[in-house]
Amino acid sequence: MMEFKDWMVLFIPIVFNGLFLFIFQQIILSNQRRATRKNDYQHDIMKQFLEMLQKFYTLFRTIPSVDPKRSGKVVYFSEVWNPTTSLMQDLKVFYDTHPVTTRNVSEQFEKCMIKWDKMTDLLFESRTTNDNKISEDASIQFFSEYEIMDTLIKECLKQCEEEILKI
C-alpha cells in the first residue's frame, strides 16, 4: 500500500508539469495574438493606403480630359486638378502619419511625390508667366511628366498590393 509520501512524489511532478505547460502555452498564445494584431494593423494601414492611391490614380487619369487636343472636349482644369491635388495632399499626410507601416513602398511613393511636385511647379510657373493660361510648350512638358507619373503610380500600386499579400 502507498503511503502519503509516495502519493506526494507521484502527484507533485504531475501538477507542476501541468502548471508549467499551462503557463508556457499562455506565453506562446500571447505572443501569437500580439503578432496577429500587429499584422492586422499593418494590413489595414496598407489597405487604406492602397485604396487612397487607387482613388488618386482614378482621378489622376482624368487629367488628360483637360487637354482639348487629346480628348476633343473642353473641361475646366480646376474641376479636375483641385480634387486631384486634394487627394495627393491626403495621401502625403497619410504616408507621413504611418512611416513605419508604409516604409516598404516609401521609395516608390517618394518618387511619385517628387514627380507630382514637379508637375505642380511646372503648371504654376507657366500660369504665372502666361496670364493664367498654360502655354503649349508647358502643356507638352506637363503631359510628358504626366506619362512618367502615370507609370510611377502604377508601380506604386503594384508594390502596395505585393506588400499587402506579404502581410
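Note: the structure precedes this text.
Structure report, in brief. Just so it is clear, the model here is predicted, and its values are computed rather than measured.

**Re the nonpolar core**
In summary, soluble globular proteins display a tendency toward joint burial of nonpolar side chains. In this structure, Phe49, Leu53, Phe56, Phe60, Phe109, Met149 and Ile153 are the most contacted members of the largest nonpolar core, which totals 35 residues. Elements that contribute at least two residues to this core include exactly helix H1 (4-60), helix H3 (77-97), helix H4 (106-129) and helix H5 (136-166). The element best represented in this core is H5, accounting for 10 residues. When residues no more than four places from it in sequence are discounted, the contact partners of phenylalanine 56 are Thr84, Leu87, Met88, Leu91, Trp116, Met149 and Ile153.

**What about the side chain of threonine 101?**
Within the secondary structure, threonine 101 sits in the loop between H3 and H4. Given a relative accessible area of 14%, threonine 101 falls into the buried group. Those residues in contact with threonine 101, other than ones at most four positions away along the chain, are Tyr41, Gln42, Ile45 and Met46.

**A word on the packing of aromatic side chains**
Within the structure shown, the criterion is met by 14 aromatic pairs. Taking 5.2 Å as the distance between ring centres and 75° as the angle between the ring planes, the aromatic pair formed by phenylalanine 49 and phenylalanine 109 counts as edge-to-face. Of the two residues, phenylalanine 49 is situated in helix H1 and phenylalanine 109 in helix H4; the sequence distance between them amounts to 60 residues. The pair phenylalanine 49 / phenylalanine 109 is uniform in exposure class, with both members buried. Taken together, a centroid distance of 5.4 Å and an interplanar angle of 75° make the contact between phenylalanine 56 and tryptophan 116 edge-to-face. One end of the pair, phenylalanine 56, is in helix H1; the other, tryptophan 116, is in helix H4, and 60 residues separate them in sequence.

**Some words on the pattern of salt bridges**
Oppositely charged side chains can form a pair if their charged atoms are brought close together. Under the defined criterion, the tally for this structure stands at 7 salt bridges. Put simply, lysine 111 and glutamate 107 hold a salt bridge, and the shortest N to O gap is 3.9 Å. Here glutamate 107 and lysine 111 lie together in helix H4, a separation of 4 residues that amounts to about one turn. Judged by relative accessible area, lysine 111 falls into the partly exposed class, the value being 39%. One connected set of salt bridges, linked through shared partners, spans Arg61, Asp150 and Lys154.

Rules used throughout
- Residues numbered from 1 in each chain as written.
- Predicted model: local features only at pLDDT ≥ 70, side-chain atom pairs only at ≥ 80, totals over all residues.
- Heavy atoms only, no water.
- Core = buried A, V, L, I, M, F, W, Y, C linked by side-chain atoms within 4.5 Å.
- Buried < 20%, exposed > 50% of the residue type's maximum accessible area, 1.4 Å probe, protein only.
- Helix = DSSP H or I, 4+ residues; strand = E, 2+ residues; numbered from the N terminus.
- Contact = heavy atoms within 4.5 Å.
- Phe/Tyr/Trp six-rings, centres within 6.5 Å; stacked < 30°, edge-to-face > 60°.
- Salt bridge = Lys/Arg side-chain N within 4 Å of Asp/Glu carboxyl O.

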